[in-house]
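Commentary on secondary and tertiary structure
Here is what each chain is made of, one letter per residue.
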Amino acid sequence: MRIRVEDLTKRFGSNVALDKVTFEVPSGSVYGFVGPNGAGKTTAIRIMAGLEGPDSGTVLYDDLSAVEYPEKARRFVGFMPDTLADSKDIRVWEYLDFFARACGLAGKEKEKALIRAGELTNLDNLSGRFLCELSKGMKQQVSLARILLHEPSVLLLDEPAAGLDPRARAELRESLRSLAADGRTMLISSHILAELEDLVDGVVIIEKGKISACGELSEIRNRSASGECRALLTFSSDAASFAGKVEALCPGKSVKVHSPRQLLLILDSEEEYFSAMAKIFQAGLPVTALSRPDCGLEGVFMEKTKGEVQ
Ligand SMILES: Nc1ncnc2c1ncn2[C@@H]1O[C@H](COP(=O)(O)OP(=O)(O)OP(=O)(O)O)[C@@H](O)[C@H]1O
Ligand SMILES: [Mg+2]
């Protein structure tokens, strides 16, 4: 099922959380939804899940509008929020059973759905545990199992890997991989592009409520030469004063002052580039523009990113 978001605008008072957001996720693709804190990821995903209305614009699943028909959309969309409601006296199986019944499942059909969702998320050992006793990673498994009960063909996951340790992250990744292999269309939000890189087919980058880049990763990879990658970082003030910080974030890499406001960072590979950008992004350095002067990526993907930090 194809996802198409068109001109989505959402305001909270005078704050424009989403500003004419448009992007598409092809049917059966897994896309990352990446941007800094406050970029508008959760707002967009909640609207896409039919939980909130936009001020204008629409969300189409194939030809069905989730804005006009949110109840219909919810039948085939699975939305995993960034936190799981922490009910005190409820066990995992009771929680999932409740949601299975809420989805209208009963009898053998319900049992099958519970077993299938449990298998997909490795819940075997957890079903008798109380929700409030679970670790963050375990809660994420339960949360994922819950949204799989009604066999959605579209999954919208809001920061599923946030706060997970490396093992839990790897396990989650495995679950997501098998879900993707079944042909589901998935949008997975994260702050960190590198975290999603080997899971996603494409990426949508959002900054301050605006889409700054959107596209297939394979296309981007094919168009970029292997080997050295140069990143030109433009700062809001004196670039030289940030050189030390960039060097510390990218040890052993060449960092040169290119102009009073620009630093040139030279990296050895595409992987290093993504990981360096993620670190610089996360460190909150006041980068106002980012370009790839000689990596053959002009007109594509990251060079469109302004790297604006909230
Ligand atoms: N219910 C709300 N009321 C008022 N403002 C809101 C509300 N929800 C979101 N916002 C604002 O909308 C903007 C986008 O927030 P949103 O939660 O969508 O960002 P995000 O990309 O998910 O961020 P994070 O990475 O921190 O989860 C922010 O400026 C936020 O303050
Ligand atoms: Mg969010």
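Description of the structure in this document. Since the model is a prediction, treat every value here as computed from it, not as a measurement.

A look at the packing of helix α3 (residues 92-102) against helix α5 (residues 136-148)
Here α3 crosses α5 at 25 degrees, and the two axes come no closer than 9 Å. Between α3 and α5, the interaxial angle falls into the category roughly parallel. Note that α3 runs across α5; the crossing there is right-handed. Here Val92, Tyr95, Leu96 and Phe99 of α3 come into contact with α5, specifically with Val142, Ala145 and Arg146.

A closer look at the site of ligand 1
If you check the shell around ligand 1, you find 13 residues, and the closest are Gly38, Lys41, Thr42, Thr43 and His191. With respect to ligand 1, the side chain of Asn15 contributes an N or O atom lying 2.9 Å from an oxygen atom. Gly38 places a main-chain nitrogen or oxygen 2.8 Å from an oxygen atom of ligand 1. Contributions of two or more residues to the shell around ligand 1 are made by β2 (15-25) and α1 (41-48). Sort the elements by how many residues they give to the shell around ligand 1 and α1 lands first, with three residues.

Reading the values: rules and limits
Residues numbered from 1 in each chain as written. Chains lettered and ligands numbered in written order. Predicted model: local features only at pLDDT ≥ 70, side-chain atom pairs only at ≥ 80, totals over all residues. Heavy atoms only, no water. Axes fitted to C-alpha atoms, helices over the stretch in contact; angles between N-to-C directions. Helix = DSSP H or I, 4+ residues; strand = E, 2+ residues; numbered from the N terminus. Parallel < 35°, antiparallel > 145°, perpendicular 65-115°, else oblique. Left-handed = near helix turned anticlockwise from the far one by under 90°. Contact = heavy atoms within 4.5 Å. Near = heavy atom within 4 Å. Polar contact = N/O pair within 3.5 Å; in protein donor to acceptor, adjacent residues only side chain to side chain.

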